[in-house]
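Chain and residue survey
Next come the chains, spelled out residue by residue.
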Amino acid sequence: MRGLLDFLIEEKRKILHVFDMDETLFHYPDPKTEAKIHVLNSAGDRVKSLTNVQFNNHKLEPNHRYDFSEFKSSDVFAKSAHPIRKMIKRLKNIQRRNPHVEILTARADMDDKEKFGHHLKKHGIDIDKVHVRRAGNLDKGTPAERKRNIVSNLIHKHGYHEVHLYDDSKENLTHFLSLKRHHPAVKLVAHHVQHDEDTGDTQVNKAVANHFDDEAEHGGMSFYSPDERKRIRENS
């Protein structure tokens, strides 16, 4: 009965839950097998290799470009991606009462959709029911800007009243909360996910932007410093 009530409430309010993939649903405990984004110079020589976390805030130097071949590999993903069980459980629990659940990754299209989907399904995520949106397919902007634009388009298209984003990147969450200026009637809830490789513990802290000029009304422990809150307002 409680599950049906939750479903009716979320359906009536049109609530969307969006989960990042890397370091939010899956982690990569072995640096030797983790997919890297390589930085190439103008001659095509590799000058640096970045993890997913490093890529989120990396700035390309002039005449440099990215090589995403490993990041697109379904084989590499299947071999290296380990589930963050607490977050996958949360995704599945939400999906039971609300069909509006999606994954939003900084990656572009994987090279083998079937193999990629098979690996997710082993952990209970069916990509036929949970849409995987790929910010890496967009041409312009940082990963945070691309994710923000995708969420904004979903709000416009489907008329969501409330949106939750679960992500390990503060940069992504900051850009997400800045949507309040463009969608003042929509409740935006940012969930900062931190998985500890040593202990296996996963912490999720929350910030809620309820008002147009909000610094961020916080539930639980705030994960934003005063300077970060100022940036949210300035970027709105």
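Residues numbered from 1 in each chain as written. Predicted model: local features only at pLDDT ≥ 70, side-chain atom pairs only at ≥ 80, totals over all residues. Heavy atoms only, no water.

It is worth spelling out the pattern of salt bridges at this point. For the coordinates displayed, the defined rule picks out seven salt bridges. The salt bridge partner of Asp126 is Lys121, with a shortest N-O separation of 3.9 Å. When its relative accessible area of 19% is taken as the criterion, Asp126 is described as buried. Residue class for Lys121 comes out exposed when judged on its relative accessible area of 51%. When the shortest N-O distance is used, the salt bridge between Asp167 and Lys147 registers 3.1 Å. A residue pair is termed long-range when its members are at least 10 positions apart, and Asp167 in strand S9 (residues 162-167) and Lys147 in helix H6 (residues 143-158) qualify at 20 residues. Exposure class is identical for Asp167 and Lys147. Each is buried. What you see here is one network of salt bridges that share partners, running through Asp20, Lys147 and Asp167. (Salt bridge = Lys/Arg side-chain N within 4 Å of Asp/Glu carboxyl O. Buried < 20%, exposed > 50% of the residue type's maximum accessible area, 1.4 Å probe, protein only. Helix = DSSP H or I, 4+ residues; strand = E, 2+ residues; numbered from the N terminus.)

Counted at 1.5 Å a residue, the expected span for helix H4 (residues 85-97) with its 13 residues is 18 Å, and the 19 Å between its end C-alpha atoms agrees. All of the buried residues in H4 are Met87, Ile88, Leu91 and Ile94. The buried side chains of H4 occupy one side of the element, clustering within an arc of 125° when seen end-on. Turned more than 90 degrees away from the buried face of H4 sit Arg85, Lys89 and Arg96, all of them exposed. (Expected span 1.5 Å × (residues − 1). Arc of directions from axis to C-beta.)

The buried fraction of helix H7 (residues 170-177) amounts to six of the eight residues, a majority that puts the element mostly inside the structure. All of the buried residues along H7 are Asn172, Leu173, Thr174, His175, Phe176 and Leu177. With a side-chain oxygen lying 3.3 Å from the backbone nitrogen of Glu171, the N-terminal cap of H7 falls on Ser169. (Polar contact = N/O pair within 3.5 Å; in protein donor to acceptor, adjacent residues only side chain to side chain.)

Once that is clear, we can look at the nonpolar core. Most often, soluble globular proteins have nonpolar side chains that are buried together. The biggest cluster of nonpolar side chains holds 23 residues, and the ones touching the most others in it are Leu25, Phe26, Phe77, Ile103 and Ile125. In terms of residue count, the dominant contributor to this core is H4 (four residues). Leu16, Tyr160, Ala190 and Ala209 belong to the second largest nonpolar core, which has 20 residues in total. (Core = buried A, V, L, I, M, F, W, Y, C linked by side-chain atoms within 4.5 Å.)

Here the structure, examined in full by the defined rule, presents seven aromatic pairs. Ring plane angle 5° and centroid distance 4.2 Å describe the contact between Phe19 and Tyr166, whose orientation is recorded as stacked. Of this pair, Phe19 sits in strand S1 (residues 15-19) while Tyr166 sits in strand S9, and the two are 147 residues apart along the sequence. Exposure remark for Phe19: the relative accessible area of 0% places this residue in the buried category. Aromatic pair Tyr66 and Phe68: ring centres 5.5 Å apart, planes at 55°, arrangement tilted. Over the ring of Tyr160 we find Lys14; its NZ or CZ atom is 5.5 Å from the centre of that ring. (Phe/Tyr/Trp six-rings, centres within 6.5 Å; stacked < 30°, edge-to-face > 60°. Lys NZ or Arg CZ within 6 Å of the ring centre and 35° of its normal.)

Further remarks concern the sheet that holds strand S5 (residues 65-67). As a general point, the strands of a sheet are linked pairwise by backbone hydrogen bonds and lie either parallel or antiparallel. The three strands lie next to each other as S4-S3-S5, forming an open sheet whose pairing is antiparallel. Each end of this open sheet is capped by a strand with a single partner; those strands are strand S4 (46-50) and S5. Along the sheet, successive strands turn relative to each other by an average axial angle of 30°, direction set aside. Relative to S4, strand S3 (residues 37-40) runs antiparallel, the two sharing four bridges. What sits directly across from Ile37, in S4, is Leu50. (Pairing = 2+ DSSP bridges. Axes fitted to C-alpha atoms, helices over the stretch in contact; angles between N-to-C directions.)

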